[in-house]
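Geometric and topological summary
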Amino acid sequence: MCGIIGYYGSRDPKQVIYDGLKKLEYRGYDSAGIAILDNGKLKRVRSAGKLIHLKEKLDNEKFTGNIGIGHTRWATHGVPNESNAHPHAVGKISLVHNGIIENYQEIKEYLLKEGAKITSDTDSELVAHLISREIEKGSTLKEALSTVIPKLEGAYSIAALSENEPDTLVAVKNGPPLVLGLGKDECFVASDAQAIITYTNKVIFIDDHEIVVAKKDKYQIYDMKGSAISKKITELDMSPDAIEKQGYPHFMKKEIYEQPRVVAAAMSPHIDVANLKISLQVVSSDSNGEALKQDELYSQLKHFERVFIVACGTSFYAGLTGEYILEAMAGIPVEVEFASEFRYRKPVIPKNSLVIVISQSGETADTLASLRMAKEKGAKTLSICNAKNSSIDREAFFKMYMKADAEIGVASTKALTATLALLNLLGVYLGRVNETLTRDEEKSYLRSLQALPSEIEKVLAYDSFFDEAALTLKDYKGFLYMGRGVNYPMAMEGALKLKELAYMHAEGYAAGEMKHGPIALIDDRMAVVVVAPTDDVYEKTVSNLEEVRARGGQIIAIGTGHNERLKSLAKHYLSLPKTSWNLNPVLSVIPLQLMAYHVADRLGFDVDQPRNLAKSVTVE
Ligand code: M6R
């Protein structure tokens, strides 16, 4: 949450930083600002609200410098106004900060006693005061940071500039991500490589407790003891095109439409098409970025007797779906937990457990902390990430990739369906390893998976239906989403999508639980969305629907093929292509995504940047 960027080079820093902030805006959009060293003096421009407001101000500003920093904010301490916007400036320094300083109260009391003039409600400004005090004593920016860092508790990535050192950009990481970009006679620091990929694909991923001192044509990275360290330069294979809307009105719409291609790309490395055989490609920390050979993978995965899946938000719902799939296919007990809960209790992780962490961004603070805890407890870990080289990807032992390209819309869509495809492949693989699936069953699951992209394509046709239906759907007082079995997690995902985009009350329930409370909510102003494909719990779900109907609930039913019974019960019936039981969630979530998108759009909300949210939750 919050995006930071710094630039030093011969391009126009205002332009480079503003472009970078546009790519980082998904990390927070409560306020934005930039600071540039203009003729040796710090000049700041800040604005409350989205980046567009900053742009209006920047258009009237001229800078002559070549070094600067920028920030886009997701508010933690202090309301989203201009005085709380970054960069913060004190004395001769200015900084941008992503993270939370947990002992800020203590620092604030100390600074107030010392007579500091504090002008914002943020924890970040306090850090600027501490650094400025060290600069006044004659320290360089790097020395000042080294002195101040041990006084900070919490998580932070900071980039800073000093009027005393107009040729130096300094940054530090302890928690939130930070990347150093290297161009020809120019350097960048940023929260995410996407922000700088237009300019360079050569990057160094900064680890915790490292300080970067970057000049135009050279850089040095130090550890906290002040010793210089050398780090690997990575050449990223990332296309700047992936972070454009490409003609779609919103990133979310583009990402929904990308799902057939993305699901195919996620699956393709793992299926031996010629022999219709699973050939799971898993990289391990020991394998130099190469996928493990099939016999090695087999022997490494064979001994797991229990699986934990840990994630947040949409990735958590993918994990819950995975529980149904892995248990049914591979006969292995699976526990799924919110990362924010898992990390703070004392989970018993038996020997021979595999802890799977799922994260699109690979930077979610709670998921990362859970991964670290699982490793400390001696568990083997497997990450399913979209962002290659993210913290989670780098720290997990086994790694699988969503291959979904950049997901910019704050609401996760294509990362979810790519993950569901991967969990299915993992289920088939573990089923083979554990000898719970026959060869014929393996082939049949793989055939269904191969057909999935074209089936998703068909379901996308509901786009125009929801464009129209959203006109009336937006007026319901609330939404209940129901599903059973493997489709139950997608009921919760559908509700999450509507909540986060349309700000409407929505709940996802296991259909069988309706009678135990939520049915009391039902009347003719309540919409009930039911995911009821024809599977082994279909009849049970239909009985629950009858109960809803008898109480006046307005039903939107999602079922398989032509289904007169669901049609007669529902106000709207949406038909999915017939697929294997385990893939119904992938198909049924598409209309749920489209529905949330259109309802939010009809209500006039910003679907790509819903209020109060950020794409990458790097603070707990
Ligand atoms: O990057 P991650 O997959 O770890 O993110 C997890 C959640 O923050 C994310 O899925 C969030 O719930 C989305 N806003 C859902 O649309």
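Only a predicted model underlies this, so the values are computations on that prediction, with no experimental measurement involved. (Residues numbered from 1 in each chain as written. Predicted model: local features only at pLDDT ≥ 70, side-chain atom pairs only at ≥ 80, totals over all residues. Heavy atoms only, no water.)

Looking at the assigned domains, one finds that the protein contains domain 1 (3–242), domain 2 (243–459) and domain 3 (461–602). On a C-alpha basis, the centres of domain 1 and domain 3 stand 45 Å from each other. (Domains from an automatic or database assignment.)

This part covers empty space enclosed by the protein. Under the defined criterion, the tally for this structure stands at two cavities of 30 Å³ or more. For the largest cavity, the calculated volume is near 50 Å³. If you go around the largest cavity, the residues you meet are C2, R73, W74, T76, H86, H97, N98, G99, T122, D123 and S124. Sorting the residues of the lining of the largest cavity by element identifies strand 6 (93–101) and helix 4 (123–136) as the ones contributing at least two each. Top contributing element to the lining of the largest cavity by residue count: strand 6, with three residues. Taken together, the residues that form the lining of the largest cavity break down as two nonpolar, seven polar and two charged. Here the second largest cavity defines a volume of roughly 30 Å³. Taken together, R484, N487, V531, A532, P533, D535, V537, Y538 and T541 make up the lining of the second largest cavity. A class-by-class count of the residues in the lining of the second largest cavity yields five nonpolar, two polar and two charged. (1 Å grid on protein atoms, 1.4 Å probe; cavity = no way out; pocket = protein on both sides within 12 Å on 5 of 7 lines; lining within 4 Å. Points joined across faces, edges and corners; volume = space filled by probe spheres on them. Helix = DSSP H or I, 4+ residues; strand = E, 2+ residues; numbered from the N terminus. Nonpolar A, V, L, I, M, F, W, Y, C, P; charged D, E, K, R; others polar.)

In this section: unusual backbone geometry. Between H86 and P87 the backbone carries a cis peptide bond, its omega angle lying at -5°. One can find P87 in the loop between strand 4 (67–73) and strand 5 (88–90). A positive phi is found at E435, a non-glycine position, where the angle reads about 60°. Inspection of the secondary structure puts E435 in the loop between helix 13 (414–433) and helix 14 (439–459). The phi dihedral of Y503 falls on the positive side, at around 55°, and the residue is not glycine. Note that Y503 resides in the loop between helix 16 (488–502) and strand 25 (506–510).

Take the layout of surface pockets next. For the second largest pocket, the calculated volume is near 620 Å³. Lining the second largest pocket are 29 residues, and of these C312, G313, T314, K615 and V617 sit closest to its centre. Those elements that place two or more of their residues in the lining of the second largest pocket are helix 9 (313–330), strand 21 (353–359), helix 11 (365–376) and helix 16. With three residues, helix 9 is the largest single contributor of residues to the lining of the second largest pocket. Across the lining of the second largest pocket, the residue classes break down as twelve nonpolar, twelve polar and five charged.

Near the ligand there are 14 residues, and of these S315, S359, S361, T364 and E500 occur at the shortest range. In this structure, S359 approaches the ligand through a side-chain N or O atom, which is 2.6 Å from an oxygen atom. V410 has a polar backbone atom sitting 3.2 Å from a nitrogen atom of the ligand. Against a free-state accessible area of 410 Å², the protein chains account for coverage of 91% of the ligand. Of all the cavities here, the one that holds the ligand is the second largest pocket. (Near = heavy atom within 4 Å. Polar contact = N/O pair within 3.5 Å; in protein donor to acceptor, adjacent residues only side chain to side chain. Areas by Shrake-Rupley, 256 points an atom, 1.4 Å probe, with all protein chains shown as cover. Sits in = over half its atoms within 2 Å of the grid points.)

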